[in-house]
Amino acid sequence: MKRETILIIEDEIDILEVVEYNLAGEGYKVLKALDGESGLLIAREKNPGVILLDLMLPGMGGKQVCQKLKQDPLTRDIPVIMVTAKSEETDVIVGLGLGADDYVTKPFRPKELIARIQAVARRSRGVSTVDQEARIQVGDLVIDPVRHELLVEEESIEMTATEFRIMHLLMSQPGRVFTREQISSKALGQVLHPTDRNIDVHVKTIRKKLGERRDAIETVRGVGYRLTDSRR
């Protein structure tokens with residue numbers, strides 16, 4: 001199977017070399033940038049399959065780089081995985097809100113990183129375990145996979161591919177409680193590690209975008225999430 005070209009935007013040489021070594025060992029072609037400005041130029045010129053973007057960069061920070069990538073017609077469809085420190089959850093939520101597709105925290109396991117890359121690459125090619133045909137309406141929420149559109153009270157809400165798949169899964173069976181593991185497997189196509197808060201962070205960004213209808217996604221403590229049609 002043909003592997004993606006991966007652009008790594010990372011200013012820490014040691015991390016950059018370790019990631020490059022592991023990705024090359026899996027057959028990926030690796031492009032590198034030590035700062036945001038260079039990363040943007042390479043992304044526009046080379047059109048990589050996936051971008052690994054460190055949030056803490058000198059000069060132009062990772063959030064600004066992500067925003068520029070998603071605003072540029074040449075790069076907006078390239079999946080972005082943010083690389084963060086564990087203490088940067090607020091920055092992660094902002095980054096996901098700007099259009100990043102996923103994130104991984106330092107220190108990370110090479111196998112976990114590769115799994116994340118494979119998952120976002122599959123999603124960007126339209127490969128998903130979630131049925132992508134049926135238009136679903138739950139109360140004042142409507143999701144249309146063909147148009148890749150979520151409507152809340154007839155207002156279109158912009159969502160990343162990852163957020164859209166999570167919302168589509170929850171809306172496909174309103175009232176059903178999905179565990180975090182099930183959401184990760186069915187909507188993201190990846191295995192959730194026991195200490196991984198990936199799904200929780202994605203749900204936070206979705207709720208923020210839903211605004212006054214954030215209560216449509218209900219947390220079931222100790223289990224997972226479900227979509228409810230009732231307003232609180």
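Residues numbered from 1 in each chain as written. Predicted model: local features only at pLDDT ≥ 70, side-chain atom pairs only at ≥ 80, totals over all residues. Heavy atoms only, no water.

Looking at the overall build of the protein
- On a plain count of helices and strands, the protein comes out with eight helices and twelve strands.
- For the protein, with 232 residues in total, the buried portion stands at 50%. (Helix = DSSP H or I, 4+ residues; strand = E, 2+ residues; numbered from the N terminus. Buried < 20%, exposed > 50% of the residue type's maximum accessible area, 1.4 Å probe, protein only.)

Description of the sheet that holds strand S4 (residues 80-85)
- The five strands are arranged S2-S1-S3-S4-S5 in an open sheet whose pairing can be described as parallel. Two strands bound the open sheet, and with one partner strand each, they are strand S2 (29-33) and strand S5 (102-106). Shown here is a sheet whose adjacent strand axes are inclined to one another by a mean of 20°, direction ignored.
- Where strand S1 (residues 5-9) lies against strand S3 (residues 50-54), four bridges are found, and the strand directions are parallel. Looking across to S3, one finds that Ile-6 is bridged to Val-50.
- In this fold helix H2 (residues 36-46) packs onto S1, S2 and S3, with an angle of close to 145° to the strand it touches most, S2. (Pairing = 2+ DSSP bridges. Axes fitted to C-alpha atoms, helices over the stretch in contact; angles between N-to-C directions. Contact = heavy atoms within 4.5 Å.)

Observations regarding helix H6 (residues 161-172)
- The first and last C-alpha atoms of H6 sit 16 Å apart over twelve residues, in line with the 16 Å expected at 1.5 Å per residue.
- Most of H6 sits inside the fold, with ten of its twelve residues counted as buried.
- Those residues of H6 not exposed but buried are Thr-162, Glu-163, Phe-164, Arg-165, Ile-166, Met-167, His-168, Leu-169, Leu-170 and Met-171. (Expected span 1.5 Å × (residues − 1).)

Quick look at the sheet that holds strand S11 (residues 217-220)
- Reading across from one edge, S10-S12-S11 is the order of the three strands in this open sheet, with antiparallel pairing throughout. Only two strands of the sheet have a single neighbouring strand rather than two, namely strand S10 (178-179) and S11.

Details of the packing of helix H7 (residues 180-188) against helix H8 (residues 198-210)
- Packing of H7 against H8 leaves a shortest axis separation of 9 Å and a crossing angle of 75°. It follows that H7 is roughly perpendicular to H8 by the angle criterion. Contacts from Arg-180, Ile-183, Ser-184 and Leu-188 of H7 reach H8 at Asn-198, Ile-199, Asp-200 and His-202.
- When the residues that make up the contact of H7 with H8 are grouped by side-chain class, the tally is three nonpolar, three polar and two charged. (Parallel < 35°, antiparallel > 145°, perpendicular 65-115°, else oblique. Nonpolar A, V, L, I, M, F, W, Y, C, P; charged D, E, K, R; others polar.)

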